[in-house]
Amino acid sequence: MNDSTLIQQLLEKESATWRAGDFQGHSDCWHIQPYSRILVSNAVSGKTYDVPPALMKDPGAKMGDGGSSVKSNYKMSIHGDNAWVSHEEVSTAKDGTNTFSHEIRILEKVDGQWKLVGQSIHIFVP
């Protein structure tokens, strides 16, 4: 399987495990580094959040609220054991509310497996 397919599978797994409340599955998608960063901007509220990366390994009660997501328009730059990916996402909450985002994900290959090390999420109104 090529790297772009493996990366896409990892990103789909990361989203699904978050929504399912699968702590171990979600944690396995991440490799937190001293330079890891997670930034979220919300055009609806006008707020920006600098999320502690440690939450990806130990999210506590913040995960597992159900729903689903659909990613599209994957664009990747893969160089050896480093990659960055951009994509669009439509997240659907349990109540049917949709949230739209532009996302950039930063990945590294660790022991032969792709892992997330950072991300930037920009929520917008279409």
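1. Some thoughts on the pairing of strand 5 (residues 98-110)
Bridge count for strand 4 (residues 82-92) against strand 5 is 11 bridges, and the pairing is antiparallel. Bridge assignment links W84 to a residue of strand 5, and that residue is I106. What sits between strand 4 and strand 5 in their antiparallel hairpin is a turn of 5 residues, with G96 showing a positive phi close to 90 degrees. Remark: 2 residues form the turn of the hairpin made by strand 5 and strand 6 (residues 113-124), two consecutive strands paired antiparallel; D111 in that turn has positive phi of roughly 50 degrees.

2. Here we look at the packing of aromatic side chains
Two numbers describe a pair of aromatic rings. These are the distance of the centres and the angle of the planes. Taken as a whole and assessed by the stated rule, the structure comprises 1 aromatic pair. Relative to F124, the ring of F100 has its centre 6.2 Å away and its plane inclined at 50 degrees; by these criteria the two rings are tilted. Pair noted here: F100 is in strand 5 and F124 is in strand 6, with a separation of 24 residues, a long-range link. What makes F124 partly exposed here is its relative accessible area of 24%.

3. Re unusual backbone geometry
Residue N73 is not a glycine yet carries a positive backbone phi of 55 degrees. Tracing the chain through its elements places N73 in strand 3 (residues 68-79). At D111, a position not held by glycine, the phi torsion is positive, near 50 degrees.

Calculation criteria
- Residues numbered from 1 in each chain as written.
- Predicted model: local features only at pLDDT ≥ 70, side-chain atom pairs only at ≥ 80, totals over all residues.
- Heavy atoms only, no water.
- Pairing = 2+ DSSP bridges.
- Helix = DSSP H or I, 4+ residues; strand = E, 2+ residues; numbered from the N terminus.
- Phe/Tyr/Trp six-rings, centres within 6.5 Å; stacked < 30°, edge-to-face > 60°.
- Buried < 20%, exposed > 50% of the residue type's maximum accessible area, 1.4 Å probe, protein only.

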